[in-house]
Amino acid sequence: MENNKKTTIAAVIPTFILCYFIWILLTGSFAAQELIVGAVVSLLVAWFSARWFVHERPFGFFGKRLFILIWYCVAIFPWELLKANWDVAKRALSPGKLNINPGIVRVPVDVPTEYGKTMLANSITLTPGTITMDIDERGGQVWYYIHWIDVQETEPAAAGEAIKGRMEKWVRRIWQ
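Conventions and cut-offs
Residues numbered from 1 in each chain as written. Predicted model: local features only at pLDDT ≥ 70, side-chain atom pairs only at ≥ 80, totals over all residues. Heavy atoms only, no water. Helix = DSSP H or I, 4+ residues; strand = E, 2+ residues; numbered from the N terminus. Contact = heavy atoms within 4.5 Å. Areas by Shrake-Rupley, 256 points an atom, 1.4 Å probe, with all protein chains shown as cover. Lys, Arg positive; Asp, Glu negative; His and termini not counted. Charge placed at Lys NZ, Arg CZ, Asp CG, Glu CD. Expected span 1.5 Å × (residues − 1). Buried < 20%, exposed > 50% of the residue type's maximum accessible area, 1.4 Å probe, protein only. Axes fitted to C-alpha atoms, helices over the stretch in contact; angles between N-to-C directions. Parallel < 35°, antiparallel > 145°, perpendicular 65-115°, else oblique. Left-handed = near helix turned anticlockwise from the far one by under 90°. Nonpolar A, V, L, I, M, F, W, Y, C, P; charged D, E, K, R; others polar. Pairing = 2+ DSSP bridges. Polar contact = N/O pair within 3.5 Å; in protein donor to acceptor, adjacent residues only side chain to side chain.

## Some words on the overall build of the chain
Working step 1: Across its full length, the chain holds 6 helices and 3 strands.
Working step 2: In sequence order, the secondary structure elements of the chain are arranged as α-α-α-β-α-β-β-α-α.
Working step 3: Here the C-alpha coordinates of the chain stretch approximately 55 × 45 × 30 Å along the principal axes.
Working step 4: Long-range pairs, those at least 24 residues apart, make up 71% of the contacts in the chain between residues at least 6 apart in sequence.
Working step 5: For the chain, the accessible surface area stands at approximately 11,200 Å², while carbon and sulfur atoms represent 66% of it.
Working step 6: Computing the positive centroid from 18 side-chain charges and the negative centroid from 15, the chain places the two 5 Å apart.

## Regarding helix H1 (residues 9-27)
Working step 1: The end-to-end C-alpha distance of H1, which contains 19 residues, comes to 26 Å, matching closely the 27 Å that a straight helix rising 1.5 Å per residue would cover.
Working step 2: Turning to H1, its buried residues are Ala-11, Val-12, Pro-14, Thr-15, Tyr-20 and Ile-24.
Working step 3: Positioned one or two residues after H1, Gly-28 has a phi angle of 65°, which is positive.

## Some words on helix H4 (residues 114-126)
Working step 1: The end-to-end C-alpha distance of H4 is 18 Å, a good match for the 18 Å that 13 residues give at a rise of 1.5 Å each.
Working step 2: Among the residues making up H4, those that are buried are Gly-116, Lys-117, Met-119, Leu-120, Ala-121, Ser-123 and Ile-124.
Working step 3: Considering only its buried residues, H4 is in contact with helix H3 (64-92), strand S1 (103-109), strand S2 (130-138), strand S3 (141-148), helix H5 (156-164) and helix H6 (167-174).

## Observations concerning the packing of H4 against H6
Working step 1: Packing of H4 against H6 brings their axes to within 9 Å, and their N-to-C directions diverge by 150°. With respect to H6, the element H4 is oriented roughly antiparallel. In this structure, H4 meets H6 at a crossing whose hand is right-handed. Here H4 contributes Gly-116, Met-119, Leu-120, Ser-123 and Ile-124 to the contact with H6, which in turn contributes Met-167, Glu-168, Val-171 and Ile-174.
Working step 2: Tallied by class, residues from the contact of H4 with H6 come to 6 nonpolar, 2 polar and 1 charged.

## Some points on the sheet that holds S3
Working step 1: In spatial order, the strands read S1-S3-S2; together these 3 strands make up an open sheet with antiparallel pairing. Either end of the sheet is taken by a strand with one partner, and the two such strands are S1 and S2. Sheet twist, expressed as the average angle between the axes of neighbouring strands with direction ignored, equals 25°.
Working step 2: In the packing of H4 onto the sheet, the strands contacted are S1, S2 and S3, and the crossing angle to S2 comes to about 155°.

## Details of the side chain of Asp-136
Working step 1: Relative to the elements of secondary structure, Asp-136 occurs in strand S2.
Working step 2: Asp-136 sits in the buried class, given a relative accessible area of 12%.
Working step 3: Of the polar contacts made by the side chain of Asp-136, one reaches the side chain of Arg-138; its length is 3.0 Å.
Working step 4: Apart from the residues lying within four places of it in its own chain, the contact partners of Asp-136 are Gln-141, Val-142, Trp-143 and Tyr-145.

So, in structure tokens, the structure goes:
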């Protein structure tokens, strides 16, 4: 698939800011040489990748949505991850009565953007016991096909509530 979009300064600046912020988080250093190298690398990455990351409203992510994303990454997703880890650990530590009922369920999704659909699918896959296998978009409805270690519900909406927990609501708030 070819992308005919041109790289614009309006797209490069927020991409640079995000890359530079991630650079500082990963290096954990405020030494002058680290900051200079980080700025150069972030600028190069932003220049070559901005056309794929920023499609509209270049600065729309900064503000309320950024704080919601941070809250999701610090509180919401870790809580869902902890619950799923606890569930899988209980199953793994009681092998005599292996209580699993694996299967694939079809789950409806209501997230408006491609970024949001991807973030939710990845969040589901990162939680133990579930893997998002496919995304089906037909007739204006989005469906995920999810392999679930213990199918407790076969009705799509109920299965979706059990698997997605609070993640979908928060992802929708981030990518509205």
